[in-house]
Amino acid sequence: MASSDDRRFTAVPENPFMAAMPADFLWGVATSAHQVDGGTTGNDWAHFERRPGAIADGAVSGPAADHWNRLEEDTQLIRELGANAHRLSLEWSRLEPEPGHWDAAAWEHAERELALLKAAGIEPMLTLLHFTLPQWLAQRGGLVAGDFPQRLEAFASEAGRRLGGWVRLWCTVNEPNVQMLYGYVTGQWPPGLRDRTLATRAFASLLQGHALAARALRNSCRGARIGAAVHLVLAEPLRRWWPPDRLAASVVERGFNWPFYDAIRDGVIRLRLPGYPRLEQPLAELRGSLDFVGINYYRRNLVDFDPFAPGFAGLHQGPGLRSDAGLEMYPAGLLQLLRRAWQRYRLPVIVTENGVADAAGSLRPDYLRAHAYAVACAVAEGVPVQGYFHWSLLDNFEWTDGYRLRFGLYRVDFASQRRLATPGGDEFRRLAGLLRRPRRTAGIGC
Ligand code: IFM
């Protein structure tokens with residue numbers, strides 16, 4: 001039976017921002033360095049991509065969208081979308097190509113990009129770690145190298161010192177839960193392992209790294225606002241009446257969605273999952289390390305009890321329209337997760353990523369409007385949502401899916417590197433225009 005939230009999304013208004021949105025709401029686009037820059041050959045992904053069968057269609061990231069050489073052009077594209085913010089990441093392997101050696105030219109390049117954004121009136125949000133590790137660090141054990149947290153701390157400190165004049169908004173790590181799952185449980189991502197003991201260690205290490213990096217940023221960058229970006233799945237039992245399915249759905253909630261932020265709230269790194277070593281590790285520095293909760297939202301899953309699946313949770317798609325990645329598009333899920341994040345942590349929330357794989361470009365306008373409506377409904381209910389970043393500005397290297405999934409508001413012709421306008425980009429710009437107009441305060445409509 002459709003819930004009242006589901007019913008709201010059957011007719012999304014042309015102006016999804018019917019409620020009063022904050023005047024300084026961040027309406028932005030998101031990218032990550034390895035996925036768009038090109039030439040990021042010194043990291044673990046570049047090495048992993050060469051393994052036969054690692055990436056769909058045998059692709060490698062290679063020149064990606066050549067963003068490294070197109071900063072002016074791409075900044076202008078962001079501006080033309082009407083965005084006032086851009087979430088981007090630093091490529092650690094370029095900035096610290098050898099342990100303790102900072103590459104001055106690479107830092108200058110980062111500064112140039114940030115200066116261009118600021119000059120265009122675009123607020124940067126900078127992610128320190130968006131999956132890729134310098135190969136020298138990967139060779140020493142990557143996330144489970146004993147000194148990973150201290151290495152991330154040193155990197156954060158250098159970034160804060162050099163770039164803090166340009167950047168206020170920081171994400172320490174991107175999707176730590178995904179990195180742990182694919183890197184150490186399913187083995188589809190670097191380092192390609194299936195070892196639940198190491199998975200648990202990697203998770204703890206990412207949290208320790210976050211805590212130290214947050215402290216380093218606070219010390220090196222005055223006024224820093226610090227968050228992370230965690231991938232959240234709206235997990236619902238496939239059969240609500242069947243207790244094992246309810247239990248399996250709760251494993252996704254407890255084991256995938258919230259452990260990272262719960263640890264920060266509680267000051268204790270905790271993992272209690274079937275089939276994994278138990279983890280209970282106090283870390284006082286975690287408390288207060290977060291100024292906002294970042295949510296990356298792409299999917300709802302209907303979950304059944306499956307003894308062969310990780311965490312005994314079999315994931316299925318609901319009945320709605322699906323993206324090219326086969327994921328159901330379910331905007332009501334974003335509203336529900338925004339509510340839950342606020343109830344759980346009482347911190348401002350930012351949608352650090354949301355987007356759809358849609359090569360034809362025909363799904364994205366409605367998808368975007370419906371997810372903007374989810375944000376507006378959450379704001380109308382009193383959830384302090386401070387921003388929304390659409391994934392992505394450009395088509396890009398989509399990890400193990402290579403180039404076959406397209407997320408861009410601009411389509412990229414990878415042969416010529418031309419950027420082409422899409423209906424999704426037009427809708428993004430229209431919505432930006434609605435946000436900037438004086439808004440009605442009555443007749444909220446959500
Ligand atoms: O491309 C990725 C991104 O790197 C992390 N979040 C999900 C996106 C789409 O799959």
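Residues numbered from 1 in each chain as written. Predicted model: local features only at pLDDT ≥ 70, side-chain atom pairs only at ≥ 80, totals over all residues. Heavy atoms only, no water.

Student: An account of the overall build of the chain is needed here, citing residue identities and associated values.
Tutor: Assigned secondary structure in the chain consists of 15 helices and 13 strands. For a compact globule of 446 residues, the expected C-alpha radius of gyration is about 22 Å, and the chain comes in at 21 Å, within 12% of that figure. Its C-alpha atoms give the chain principal-axis dimensions of roughly 55 × 55 × 45 Å. In the chain, which comprises 446 residues, the share counted as buried stands at 61%. In the chain, of all internal contacts separated by at least 6 residues, the share reaching a separation of at least 24 is 77%. (Helix = DSSP H or I, 4+ residues; strand = E, 2+ residues; numbered from the N terminus. Rg over C-alpha atoms; globule rule 2.2 N^0.38 Å. Buried < 20%, exposed > 50% of the residue type's maximum accessible area, 1.4 Å probe, protein only. Contact = heavy atoms within 4.5 Å.)

Student: With reference to specific residues and values, describe the packing of helix α8 (residues 148-163) against helix α10 (residues 196-220).
Tutor: Interaxial distance between α8 and α10 falls to 8 Å at its minimum, and their mutual angle equals 25°. Classified by the angle their axes make, α8 and α10 are roughly parallel. Considering the relative orientation of α8 and α10, their crossing is right-handed. On α10, the residues touching Phe 148, Pro 149, Gln 150, Leu 152, Glu 153, Ala 156, Ser 157, Gly 160 and Arg 161 of α8 are Ser 205, Leu 206, Gln 208, Gly 209, His 210, Leu 212, Ala 213, Arg 215, Ala 216, Leu 217 and Ser 220. Residues of the contact of α8 with α10, tallied by class, amount to 9 nonpolar, 8 polar and 3 charged. (Axes fitted to C-alpha atoms, helices over the stretch in contact; angles between N-to-C directions. Parallel < 35°, antiparallel > 145°, perpendicular 65-115°, else oblique. Left-handed = near helix turned anticlockwise from the far one by under 90°. Nonpolar A, V, L, I, M, F, W, Y, C, P; charged D, E, K, R; others polar.)

Student: Explain the pattern of salt bridges to me, and be specific about the residues and the numbers.
Tutor: Within the structure shown, the criterion is met by 37 salt bridges. Among the salt bridges present, the one from Arg 87 reaches Glu 353, with a minimum N-O distance of 3.0 Å. Of the two residues, Arg 87 sits in strand β2 (residues 85-89) while Glu 353 sits in strand β10 (residues 349-354), which places them 266 residues apart along the sequence. In this structure Arg 87 comes out as buried when scored by relative accessible area, which is 0%. (Salt bridge = Lys/Arg side-chain N within 4 Å of Asp/Glu carboxyl O.)

Student: Account for the site of the ligand, naming residues and giving values.
Tutor: Close to the ligand lie Gln 35, His 130, Phe 131, Asn 174, Glu 175, Tyr 298, Glu 353, Trp 391, Glu 398, Trp 399 and Phe 407, which account for all nearby residues. In this structure, Trp 391 approaches the ligand through a side-chain N or O atom, which is 3.3 Å from an oxygen atom. Separating an oxygen atom of the ligand from a side-chain N or O atom of Glu 398 is a distance of 2.6 Å. Coverage of the ligand by the protein amounts to 91% of the 280 Å² it exposes when considered alone. (Near = heavy atom within 4 Å. Polar contact = N/O pair within 3.5 Å; in protein donor to acceptor, adjacent residues only side chain to side chain. Areas by Shrake-Rupley, 256 points an atom, 1.4 Å probe, with all protein chains shown as cover.)

Student: How would you explain the side chain of Glu 113 if you had to name every residue and give the values?
Tutor: Within the element layout of this structure, Glu 113 appears in helix α6 (residues 104-119). Buried charge without a salt bridge: Glu 113, with Arg 112 as the nearest opposite-charge side chain at an N-O distance of 8.5 Å. Apart from the residues lying within four places of it in its own chain, the contact partners of Glu 113 are His 67, Leu 71, His 86 and Leu 88. (Lys, Arg positive; Asp, Glu negative; His and termini not counted.)

Student: Break down unusual backbone geometry for me, citing the residues and quoting the values.
Tutor: The omega torsion of the bond from Pro 190 to Pro 191 falls at 5°, within 30 degrees of zero and hence cis. If you trace the backbone, Pro 191 turns up in the loop between α9 (176-184) and α10. Cis peptide bonds are those with omega within 30 degrees of zero, and the linkage from Trp 391 to Ser 392 qualifies with 20°. Summarising the element assignment, Ser 392 is placed in the loop between β11 (385-391) and β12 (410-413). With a phi angle near 60°, Asp 57 is a residue other than glycine that sits in the positive phi range. Looking at the element boundaries, Asp 57 is found in the loop between α3 (44-48) and α4 (71-80). Judged by its relative accessible area of 66%, Asp 57 is exposed. Unlike most non-glycine residues, Asp 66 shows phi in positive territory, near 55°. Relative to the helices and strands, Asp 66 is located in the loop between α3 and α4. For Asp 66, a relative accessible area of 15% translates into the label buried.

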